[in-house]
Amino acid sequence: MGGSSAGVLVPWVSKADEMGASVAPLAVSSSETTDVAGAPAAEGETVPDRSRDAAAVEADAECDRDLLCPICMGVIKDAFLTACGHCFCYMCIVTHLNNKSDCPCCGNYLTKSHLYPNFLLNKLLKKQCACQIAKSASPIEHLRVALKQGCEMSVKELDGLLSLLSEKKRGMEQQEAEMNMQILLDFLQSLRKKKLEELNEVQTDMQFIKEDINAVEKHRAELYRVRERSSVKLRMLFDDPIPTKLWSPTADQHNSILVSNFRSSLVRAGSDNLQIRSNDVKAQLNHQEHQRKDAFSGSETSSLIQSGRVIARKRKIQAQFKELQECYLQKRRLGASQLHHPKEKLNAKVREGYHAGLEDFQSILTTFTKYSRLRVIAELRHGDLFHSANIVSSIEFDCDDEYFATAGVSKRIKVFEFSTVLNQSSEVNCPVVELATRSKLSCLSWNKYSKNVIASSDYEGIVTVWDVTTRQSLMEYEEHEKRAWSVDFSRTEPSMLVSGSDDCKVKVWSTKQEASVINIDMKANICCVKYNPGSSVHVAGHWKAVSYVKFLSINELASASTDSTLRLWDVNGTCPVRTFVGHTNEKNFVGLTVNNEYIACGSETNEVCVYHKAILTPAARHKFGSSDLDDAEDDAGAYFISAVCWKSDSPTMLAANSQGTIKVLVLAA
């Protein structure tokens, strides 16, 4: 075994000897040392230190390579020698021999019985490991090891060492304290800067509020003076024995003429006539007195009603105070920034001392607090005896808001007269027109200029244009390959309409030709498409999971998604202006409708939610009742709102749920 071990170490020793004797002059090949390294050293001349250092580095590298296991290429652990003279990690060579019976280096036949522990190499590896640890150890580690090993040291030396350590400790503590103070100072300075910015913003906001309070108080005082003048005139009207209707100079002159004529007639008339006319005057005065009492009584009643409304509106403001505050500051800051731009000064609203932005916020506050609930003013059933499926997918008013049409899974377009629905007490209303279709309907769009033209899209992908008067189809477009979810007529070009489908295509049609005008591939399912109200070339659409899009104006777009949110977008930008939450929508089409101020949508909780476009939470809501449902079916989420539609910009809207109930709702205080 001893010979075998020596045989293993021979190459390592011989290489080291060669490095020490003749390899060193050839180790450097750079241009800087070619002259020295390329020629043998002269007698008495020493080799440069740089050459010796390079030789030592290469020798160490060669030595390191000899200590690597040929299998794992790591430093050998638990070295074992083979009969053919190669060293491996014990686990590496045993694992290899479990699969093959040869040496990984030379290929000679080899079994586990031909393996021998290499004690000398293991000893050298342990020494090398200890040397590497010693080289990489810190001075503290060296000192600790020396003290543990019993390093001899005098008391004087120990005192000096302790003093040095104490001084080092004090220095480090001082440095640590200075660093901590610097960190604290940086934090406090940053906090001060941030708070100063907030203070400046608050002071600016306070200045805005102060200016606006003065403007509002001034305007309120003017309104109060106008009311007082009206009250004085009213009291003078009731206190005057001769009733006067107008207080203009012309009216006064006319009244004086009447009085003069009246007195002349008294002089000419006899005593009987005088008594009769005197009684008439007394009767008139008594009637005026009663009128004045009734007027003041009515005024008190009106004041009580107005007081109750004010209290209700104040409560609503307090409930949404945080959002209203943010809205006011946003409008006010924007208005103030516009005043610094000469081009924007003309556009900023300033009325009777009002500063820019205050007028906008007053309009928002007025419309937001004006309504607090949805009141049902009419209701009808959309279903019939022959069709159990009653889900209404779409409701649309005509261009004059006189008629509205409904469509859904019953494969029928029904047209109702709005005034008849309001005035008829029965829940079952007969449509004035009913159109039968071949497939379930997903969407309706009434032509914005022609009352008798309406378009529909269905589950088979067919887009149809109907004449309501003749009850016949005018055009049928069958290019969509899958279900068409949406159709919309252009507001600026009556002959243009657009549709979106599950075939991932948006198609633009013209009633003047049979084929599509434009075909847009969107690479995803199209749930809704809408024309911009001020353009016939701009169309808004959303991909799958966003169920509706609606334009509030040419610059404002609302979208509904199955993440239970609505979003308001600036058409000229890419980021949402506002996100509305408060309804539930995770899997169904629940409807979306907009007007100038309000956004309304359905919910999977079987209720309608109305949002003011400046406030994030619902301003009003109405839940459809389920008293007529079976107990087994009356589960949360079993019914949902399927379609909603505003009546132009009025506070009246239509809403339908999946049960087939259609309600006429109006915003109320």
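- The name given to the protein in an unreviewed UniProt entry is E3 ubiquitin-protein ligase, with the source organism recorded as Musa troglodytarum.

1. Focus on the confidence of the model for the protein
Part 1 of the argument: Per-residue confidence for the protein gives a mean pLDDT of 78; residues scoring 70 or more make up 73%.
Part 2 of the argument: Residue range residues 242–274 is modelled with pLDDT below 50. Its contacts to residues more than four positions away, or to other chains, number 17 contacts.
Part 3 of the argument: Considering only residues more than four positions removed or in separate chains, one finds that residues 627–635, a stretch of pLDDT under 50, has eight contacts.

2. What about the environment of Leu 365?
Part 1 of the argument: Positionally, Leu 365 belongs in helix α12 (residues 358–370).
Part 2 of the argument: Through-space distance from the C-alpha of Leu 365 to that of Ile 317 is 8.4 Å; in sequence the pair is 48 residues apart.
Part 3 of the argument: When near neighbours in sequence (up to four residues on either side) are disregarded, Leu 365 contacts Ile 317 and Leu 324.

3. Digging into unusual backbone geometry
Part 1 of the argument: Look at Lys 411: it is not a glycine, yet its phi comes out positive at around 60°.
Part 2 of the argument: Its place among the elements puts Lys 411 in the loop between β6 (403–408) and β7 (412–417).
Part 3 of the argument: Residue classification places Lys 411 among the partly exposed residues on the basis of a relative accessible area of 36%.
Part 4 of the argument: We note that Lys 523 has phi near 70°; this positive angle belongs to a residue other than glycine.
Part 5 of the argument: Overall, Lys 523 belongs to the exposed group, its relative accessible area being 66%.

4. Describing the UniProt feature "coiled-coil region" (unreviewed entry) in the protein
Part 1 of the argument: Listed under "coiled-coil region" (unreviewed entry) in the UniProt record, and renumbered for this structure, are residues 185–219.
Part 2 of the argument: When the span residues 185–219 is considered, its composition is 100% helix and 0% strand, and the gap between its end C-alpha atoms is 50 Å.

5. Remarks on the layout of surface pockets
Over the atoms rolls a probe the size of a water molecule, and its path tells where empty space is left.
Part 1 of the argument: In this structure, the largest pocket spans a volume of roughly 1,300 Å³.
Part 2 of the argument: Residue assignment for the lining of the largest pocket shows that the elements contributing at least two residues are α7 (155–239), α9 (271–319), α10 (321–339) and α12.
Part 3 of the argument: Classifying every residue of the lining of the largest pocket by side-chain character gives 16 nonpolar, seven polar and eight charged.

6. What to know about a nonpolar patch on the surface
Part 1 of the argument: A cluster of nonpolar residues, Leu 147, Met 153, Leu 158, Leu 162 and Leu 165, forms a patch on the protein surface that exposes about 420 Å² of accessible area.
Part 2 of the argument: At three residues, α7 tops the list of elements feeding residues into the nonpolar patch.
Part 3 of the argument: Take Leu 165: it is sitting in helix α7.
Part 4 of the argument: Leu 165 sits in the partly exposed class, given a relative accessible area of 42%.

7. Concerning helix α4 (residues 90–97)
Part 1 of the argument: Among all positions of α4, only Cys 92, Ile 93, Val 94, His 96 and Leu 97 are buried.
Part 2 of the argument: As for α4, its buried residues are in contact with β2 (87–89) and β3 (115–117).

8. Focus: the pattern of salt bridges
Part 1 of the argument: Counted according to the given criterion, the structure contains 18 salt bridges.
Part 2 of the argument: The residue Asp 488 makes a salt bridge to Lys 448 at a minimum N-O spacing of 3.8 Å. You can see Asp 488 sitting in strand β13 (residues 484–489) and its partner Lys 448 sitting in the loop between β9 (441–446) and β10 (453–458), a full 40 residues away along the chain.
Part 3 of the argument: A salt bridge links Asp 521 to Lys 523, with the shortest nitrogen-to-oxygen separation between them at 3.6 Å.
Part 4 of the argument: The exposure class of Asp 521 is partly exposed, given its relative accessible area of 43%.
Part 5 of the argument: Linked by salt bridges that have partners in common, Asp 398, Asp 400, Glu 402 and Lys 451 make up one network.

Rules behind the numbers
- Residues numbered from 1 in each chain as written.
- Predicted model: local features only at pLDDT ≥ 70, side-chain atom pairs only at ≥ 80, totals over all residues.
- Heavy atoms only, no water.
- pLDDT = per-residue confidence, 0-100.
- Contact = heavy atoms within 4.5 Å.
- Helix = DSSP H or I, 4+ residues; strand = E, 2+ residues; numbered from the N terminus.
- Buried < 20%, exposed > 50% of the residue type's maximum accessible area, 1.4 Å probe, protein only.
- UniProt positions renumbered as here; feature names shortened; annotations may be inferred.
- 1 Å grid on protein atoms, 1.4 Å probe; cavity = no way out; pocket = protein on both sides within 12 Å on 5 of 7 lines; lining within 4 Å.
- Points joined across faces, edges and corners; volume = space filled by probe spheres on them.
- Nonpolar A, V, L, I, M, F, W, Y, C, P; charged D, E, K, R; others polar.
- Patch = residues over 30% accessible without salt bridge, like charges linked within 9 Å, V, L, I, M, F, W, Y side chains within 5 Å.
- Areas by Shrake-Rupley, 256 points an atom, 1.4 Å probe, with all protein chains shown as cover.
- Salt bridge = Lys/Arg side-chain N within 4 Å of Asp/Glu carboxyl O.

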